[in-house]
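# Structure at a glance
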Amino acid sequence: MSVPGSFAVLRVLWLLSVFGTVLPLDGGMLFPRESSSREVKELNGLWDFRADGSPNRNEGFEKAWYKRRLAETGPVIEMPVPASYNDITQDPTLRDFIGWVWYEREVFVPARWISDEGTRVVLRVGSAHYYSIVWVNGEKVTEHEGGHLPFEAEISSLIRRDPMKPCRITIAVNNTLTLETLPPGTIQYMNDRTRYPDGFFVQNIYFDFFNYAGIHRPVLLYTTPKVYVDDIIVETNFMDNTGLVRYKVSVQGAATATLKVTLMDKDGHCVASANAPSGVLKVVDVKLWWPYLMHENPGYLYSMEVHLIAVSESSTYEDVYTLPVGIRTVNVTKTQFLVNNKPFYFHGVNKHEDSDIRGKGLDWPLIVKDFNLIKWLGANSFRTSHYPYAEEILQMCDRHGIVVIDECPGVGIKDIRSFGNASLSHHLVVMDELVRRDKNHPSVVMWSVANEPASEMPPAEFYFKTLIKHTKALDHTRPVTYITDSNYARDKGAPFVDVVCVNSYFSWYHDPGHLEVIPIQLNAQFENWYGKYKKPIIQSEYGADALPGLHMDPPMMFTEEYQNALLQSYHDVFDQKRKQYVIGELIWNFADFMTAQAIHRVVGNKKGIFTRQRQPKAAAFILRKRYWRLANETGRLPPWTKYPCSL
């Protein structure tokens, strides 16, 4: 493996470069939706692809690959988008490649988009891992640091220069992780020539999932009028049977515009309306958004249609954007998590965006299958471990009533150097982007700013105090947490969270094989955390690896019997503590997933209750029986959901 070019140097180089005629967007990040005034053109499919295998990984910039067709720079292969590139080919060097890779596709922009000067054309990338630079017809239009979140740029003027030419889109993506990225990592150079070839290096990571890379979510072109709805902020509440929807609409392109805001129910009937850019809509006989299995009509969504008209001396602009709205409240007490003022108990899963071949690439059949399994399981929630999931997944959660703990990519913050000012500044920007994207999803009930950081280190106190305060300033309607595996007495960030989320693996990573310690150690864990902080607790991870089909009795580690026994031991303690201050349990993990190669991993992490191919292990049936029992105990389910088949 060859040494990559200096990621830090390249980053500075391109941050200092001039954007030319096209600037990145810095406003809202509304999900692209078609309407009478907006069109969407998907660019998914096969793109030309080339990895920069030069010793310094910098040949693409030195020879300006973006200035001509990528195929003219050297050999290219076909690469599907969206998908991780790692598992697509038979080339092991590409599977583990670190550095710059290049994507390119030529598309024809509809003539009406080009001829109408009143139309904006925007290029949007759903996510690319990790650092991205985008060119259109050889001109740089934007760059973005961080995976898992969207970025976009207006390209209207650029494509109108030569309307007869196809639009050539080039995207360079670098998956190098440094101490200042999220997640962090380091590059380690092996200079002993008696043991390693010239230029050998490895990417060290501090998280237990494969560092998939590439363009992971859809690439789109979409249009708006020159005067357009840029952002909508919605906050909801209710009093008795009246729903309250506080809204704010941001407009770009004109100083003044006429707005009509209409809230419609599922049948398309208007239930409230207003003519101001901000205000409160009152909904009589409101239908609240409820979690799955908490109400006979979960996931109820209204539609907020914003209709804009702006008149200039020479033109009239009209824009229509419709936002799904779920009316609900979230509150936290010392012992409870409340949704719509009713106690809510998280019985759910941790997941990964991970599957065979496509890696982290968005895949609709997989998403729908996962939701079917979640509902079959009787789960009502999941955490987006350990990064923001696709917007399309959150939209599914909104519709199905699946509750989400929305986590940023702050996983593996283990080195004290990752608590510095540069890291914190980037972390704050990531939370800005995450809240900006997901603020209006009713399914999102809590923000998680990190997973298992070294929160006992002295700098962690200032780091997490600042980060959590910043996140609450961005959104005061949701609680904020981070996921800890630290000692309760030494955790520097716990005083600032609203809910304590604890990961523990008793009789697995600690006292392996000794199931008898679980009741003692788990009970002590809960008593210690609650005794010190007086905050509700979620068991945010627990579990054991199980190789499907491996059996042994008495149970031994890695067998399905051991996984079952471990889960049942945890559940016994949960049942004692959930009557007091434990408000949830999230199994690790929903499905087996890929990791880096290591002597303790047999082709990935096997803690899933489903295989990577979504087939159930014995533990899935243990959990299903438990989750449906927990749901039935609430007493708020309609009769048709109380006794699912095959329990």
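So, here's what we can say about the structure.

Parameters and conventions
- Residues numbered from 1 in each chain as written.
- Predicted model: local features only at pLDDT ≥ 70, side-chain atom pairs only at ≥ 80, totals over all residues.
- Heavy atoms only, no water.
- Helix = DSSP H or I, 4+ residues; strand = E, 2+ residues; numbered from the N terminus.
- Rg over C-alpha atoms; globule rule 2.2 N^0.38 Å.
- Buried < 20%, exposed > 50% of the residue type's maximum accessible area, 1.4 Å probe, protein only.
- Contact = heavy atoms within 4.5 Å.
- Areas by Shrake-Rupley, 256 points an atom, 1.4 Å probe, with all protein chains shown as cover.
- Lys, Arg positive; Asp, Glu negative; His and termini not counted.
- Charge placed at Lys NZ, Arg CZ, Asp CG, Glu CD.
- Pairing = 2+ DSSP bridges.
- Axes fitted to C-alpha atoms, helices over the stretch in contact; angles between N-to-C directions.
- Expected span 1.5 Å × (residues − 1).
- Arc of directions from axis to C-beta.
- Salt bridge = Lys/Arg side-chain N within 4 Å of Asp/Glu carboxyl O.
- 1 Å grid on protein atoms, 1.4 Å probe; cavity = no way out; pocket = protein on both sides within 12 Å on 5 of 7 lines; lining within 4 Å.
- Points joined across faces, edges and corners; volume = space filled by probe spheres on them.
- Nonpolar A, V, L, I, M, F, W, Y, C, P; charged D, E, K, R; others polar.
- Polar contact = N/O pair within 3.5 Å; in protein donor to acceptor, adjacent residues only side chain to side chain.

We now examine the overall build of the chain. Looking only at helices and strands, the chain has 12 helices and 32 strands in total. A globule of 647 residues ought to have a C-alpha radius of gyration of about 26 Å, and the chain, at 25 Å, matches this closely. Considering only C-alpha atoms, the chain reaches an extent of 75 × 75 × 45 Å along its principal axes. Of all 647 residues assigned to the chain, the portion counted as buried reaches 59%. Long-range pairs, those at least 24 residues apart, make up 73% of the contacts in the chain with a sequence separation of at least 6. Entry remark: accessible area of the chain is about 25700 Å², with carbon and sulfur atoms responsible for 54%. Across the chain, the mean location of the 69 positive side-chain charges is 3 Å away from that of the 73 negative side-chain charges.

If a residue is not glycine, its phi is most likely negative; likewise, a peptide bond is most likely trans. In the segment running from histidine 129 into tyrosine 130, the intervening peptide bond is cis, with an omega of 15°. The topology assignment puts tyrosine 130 in the loop between strand 6 (128-129) and strand 7 (131-136). Of note, the bond from tryptophan 588 into asparagine 589 is cis; its omega dihedral lies within 30 degrees of zero at 15°. Following the sequence through the fold, asparagine 589 ends up in the loop between strand 32 (582-587) and helix 12 (618-633). Even without being glycine, asparagine 341 reaches a positive phi, approximately 70°. Mapped onto the elements, asparagine 341 comes out in the loop between strand 23 (337-339) and strand 24 (342-343). If you check the backbone angles, aspartate 511 has positive phi at about 50° while not being a glycine.

Here we take up the sheet that holds strand 19 (residues 278-284). Ordered by their spatial adjacency, 3 strands build an open sheet running 15-16-19, and the pairing between neighbours is antiparallel. With one partner strand each, in any of the chains shown, strand 15 (228-239) and strand 19 form the two edges of the open sheet. Averaged over all adjacent pairs, the angle separating strand axes in this sheet is 25°, with direction ignored. Where strand 15 lies against strand 16 (residues 242-252), 11 bridges are found, and the strand directions are antiparallel. Pairing of tyrosine 228 across the sheet is with glutamine 252, part of strand 16.

This brings us to helix 9 (residues 459-474). For helix 9, which comprises 16 residues, the first-to-last C-alpha distance of 23 Å matches the rise-based estimate of 22 Å (1.5 Å per residue) to within 8%. Buried within helix 9 are the following residues: Ala460, Tyr463, Phe464, Leu467, Ile468 and Thr471. With its buried residues spanning 110° around the axis, helix 9 presents them on a single face. Turned more than 90 degrees away from the buried face of helix 9 sit Phe462, Lys469 and Ala473, all of them exposed.

Take aspartate 267: it is sitting in the loop between strand 17 (258-264) and strand 18 (270-274). Residue aspartate 267 is classed as exposed on the basis of its relative accessible area of 61%.

Glancing now at the pattern of salt bridges. Here the structure, examined in full by the defined rule, presents 37 salt bridges. In this structure, glutamate 104 engages arginine 168 in a salt bridge whose closest nitrogen and oxygen atoms are separated by 3.5 Å. Here glutamate 104 is found in strand 4 (residues 100-107), whereas its partner arginine 168 is found in strand 10 (residues 167-174), with 64 residues between them in sequence. For glutamate 527, the salt bridge identified is with lysine 577, shortest N-O distance 2.7 Å. Separated by 50 residues along the polypeptide, glutamate 527 in helix 10 (residues 518-533) and lysine 577 in helix 11 (residues 560-577) bring together distant segments of the chain. Of the residues examined, lysine 577 reaches a relative accessible area of 6% and is grouped as buried. One connected set of salt bridges, linked through shared partners, spans Asp575, Arg578, Glu585, Arg626, Arg629 and Glu633.

Taking 1.5 Å as the rise per residue, helix 12 with 16 residues should run 22 Å; its terminal C-alpha atoms sit 24 Å apart, in good agreement. All of the buried residues in helix 12 are Ala619, Ala620, Leu623, Arg624, Arg626, Tyr627, Trp628, Leu630 and Ala631.

On to the layout of surface pockets. Looking at the largest pocket, its volume works out to about 730 Å³. Together, 36 residues line the largest pocket, and Glu452, Asp485, Asn503, Tyr505 and Tyr509 are the ones closest to its centre. Those elements giving two or more residues to the lining of the largest pocket turn out to be strand 30 (500-503) and helix 10. Ranked by residue count, the leading element in the lining of the largest pocket is helix 10, at 5 residues. For the lining of the largest pocket, the class distribution of residues is 15 nonpolar, 14 polar and 7 charged. Here the second largest pocket defines a volume of roughly 610 Å³.

Attention now goes to the sheet that holds strand 24. Taking strand neighbours across the sheet as the criterion, the 3 strands line up as 22-23-24 in an open arrangement whose pairing is antiparallel. Looking along the sheet, the strands with just one partner apiece sit at the ends: strand 22 (330-332) and strand 24. Judged from the 2 bridges that link them, strand 23 and strand 24 form a sheet pairing that is antiparallel. For valine 339, the partnering residue across the bridge sits in strand 24 and is lysine 342.

As a further point, take the side chain of aspartate 575. Along the chain, aspartate 575 turns up in helix 11. In this structure aspartate 575 comes out as buried when scored by relative accessible area, which is 16%. Among the polar contacts listed, one links the side chain of aspartate 575 to the side chain of arginine 578, at a separation of 2.9 Å. Of note is the side chain of aspartate 575, whose polar atom sits 3.3 Å from the side chain of arginine 629. For aspartate 575, the residues in contact, after removing those within four places along its chain, are Arg626 and Arg629.

Empty space among the atoms becomes visible once a probe the size of a water molecule is rolled across them. The tally for this structure, following the rule as stated, stands at 7 cavities of 30 Å³ or more. Taken as a whole, the largest cavity spans an internal volume of roughly 170 Å³. Lining the largest cavity are 18 residues, and of these Lys351, Glu353, Ile367, Asp370 and Ile393 lie nearest its centre. The dominant element in the lining of the largest cavity, judged by the number of residues it contributes, is helix 6 (residues 364-377), at 5 residues. A breakdown of the residues in the lining of the largest cavity according to their chemical character gives 8 nonpolar, 3 polar and 7 charged. As a volume, the second largest cavity reaches approximately 90 Å³. Along the walls of the second largest cavity sit 15 residues, with Leu30, Arg38, Glu152, Tyr222 and Asp230 positioned nearest its centre.

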